[in-house]
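Results of the structural survey
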Amino acid sequence: MSEARDHISINLHFFEGDTFSGPLDLLLYLIKKNEVDVHDIPVGLITEQYLEHLARLEELNLDAAGDFLVMAATLTQIKSRLLLPTPDDGTEEPEEDPRMTLARPLLEYAQVREMGESLGERLLLDRDVFSRGSFEDFDESDPAAPKPEERPLRVSLFELVRAWKGLAEKIPKATAGINFKLETVTIGEKLNEIRLFMLEKKNAHFKELAGENRGKLTTALSFLATLELARIGFLRLHQDNEEDGSGPRLFLANPDAETGPEFDYR
Amino acid sequence: MQPLKKIVEALLFVAEGPVNAEKLLPAFEGEYGPEEINEALKELKEEYDNSLDRAFGVREVAGGYQFRSRPEFGVYAIRLKKKSPARLSRAGLETLAVIAYRQPVLRAEIEKLRGVDAGGVLRSLMEKDLIRISSRQDNLPGRPMLYATTARFLETFDLPSLNDLPTAEEMANPDPEESDFRVNKLFD
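The present account deals with the structure reproduced in this document.

**Here we look at the overall build of chain B**
Looking only at helices and strands, chain B has 9 helices and 5 strands in total. When the helices and strands of chain B are placed in sequence order, the string is α-α-α-β-β-α-α-β-α-α-β-β-α-α. Residue burial in chain B is summarised as follows: out of 188 residues, 32% are buried. Of the contacts made within chain B by residues no fewer than 6 positions apart, 48% connect residues no fewer than 24 positions apart.

**Points about unusual backbone geometry**
Residue proline 104 of chain B is reached from glutamine 103 of chain B by a cis peptide bond, and omega for that bond is -5°. The residue proline 104 of chain B is located in the loop between helix 5 (90-102) and strand 3 (105-106) in this model. The residue glutamate 35 of chain A is not glycine, and still its phi comes out positive at about 50°. Looking at glutamate 35 of chain A, the number of C-beta atoms within 10 Å reads 6, which means it is exposed. In this model, arginine 143 of chain B sits at a positive phi of 40°, which is unusual for a non-glycine residue. Turning to its location among the elements, arginine 143 of chain B is positioned in the loop between strand 4 (131-136) and strand 5 (145-149).

**Describing the environment of threonine 149 of chain B**
Residues and elements named next belong to chain B. Locating threonine 149 in the fold gives a position in strand 5. Sequence separation between threonine 149 and alanine 100 is 49 residues; the distance between their C-alpha atoms is 5.9 Å. Look past the residues within four positions of threonine 149 in its chain and what remains in contact with it is Ile99, Ala100, Gln103, Leu130 and Ile131.

**A word on the nonpolar core**
In this structure, Leu27 and Leu106 of chain A together with Leu96, Ala97, Val98 and Ile99 of chain B are the most contacted members of the largest nonpolar core, which totals 49 residues. Top contributing element to this core by residue count: helix 5 of chain B, with 8 residues. Setting aside residues no more than four positions away along its own chain, leucine 96 of chain B makes contact with Leu119 of chain A together with Leu125, Leu130 and Ile131 of chain B. Counting 14 residues, the second-largest nonpolar core is a separate cluster that includes Leu12, Val19, Ala40 and Tyr48 of chain B.

Conventions we followed
- Residues numbered from 1 in each chain as written.
- Chains lettered and ligands numbered in written order.
- Predicted model: local features only at pLDDT ≥ 70, side-chain atom pairs only at ≥ 80, totals over all residues.
- Helix = DSSP H or I, 4+ residues; strand = E, 2+ residues; numbered from the N terminus.
- Buried ≥ 20, exposed ≤ 12 C-beta atoms within 10 Å, placed from the backbone.
- Contact = placed C-beta atoms within 7 Å.
- Core = buried A, V, L, I, M, F, W, Y, C linked by C-beta atoms within 7 Å.

Below, the structure written as structure tokens:
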């Protein structure tokens, strides 16, 4: 394992633009910069420099600031343990050097970092090498290319969850007191409602069917019903503009459809 | 009947993703078997890689073969792209590396190795379809999720299979013939 530190290669360039990917990253950087041994870290010096960097990182308001602080506490704790005199009466087992609690994770992390770098140096698709058909996001001025609003939505589960969260935020919060009004709509009713609405309108914004000032259940059912109608191919969903928050635009998949599917959901 | 290698070449050209003998088999209606098709794919790769002076070659990725432009031409392709090329942060690459080598792996293990919260990075890797939730650790409280890489990961990183990830020894000492280091033994 000790050979590993000979292979710790550190790019100094990230200091300008890129930030540290974590506290271990910052520590490794300091160890390399001071040209010290991972197994024999001058804790006082490194702690001081670590805290200096931390002050600068905090200005960046990193999400990971908490993890950086934990490491700062660990460093300070090790430093204080080193200051305590060790009993030298020969009866007790010598304690492990407290700095080892740093060395092991550091060496493991150095390996992770090296593996990450080696992944990043591979011939990456859509960065170094390109395959046929991987040019979907090529020049949008191509007149034959579909306009952004006509491109079908391709979303992951996470984008759906985010979309739902966006909707849920707009649901009016119950004001003072308890709301006794029951929402009695079912998924089947909602499916049929949207089906009839869409047959008439041919295309519409999601917010039109979700409606304003609806309760949580109604909004959730509209959301699910829209997805279900898209899944069975009755509707197509498109995103007009990701920023405007109006949600997807719904199109009738077959504009000539007269009835569409019947639903018998509970 | 056209020569096998030519047919395979045509199919490789029109294919949308990496293809292997199994995927191409239905095109031959029993005329050729998987072994012969596979042989033809290998020969094609060999030809494109070594004897033909072309700007693209046949790469073996994610269990199949695919035409890909050579890296020296990537810079031109990128200029045509409207979006900037998919960039992975160092945090993303490190997290991917841990998952690739240790999968299936718990978020807690990733965070322990990197010393930093992994939530945001995992989400972004998941959105890029590079990792997935493979299962849950049933014997731990809360049945935490286990992460693994996807086929898209192999495609993106130009890897035929997970066994082709370089080992720690290969990274340090670039002679791939030397070691048969097992991938999942890397950290043990």
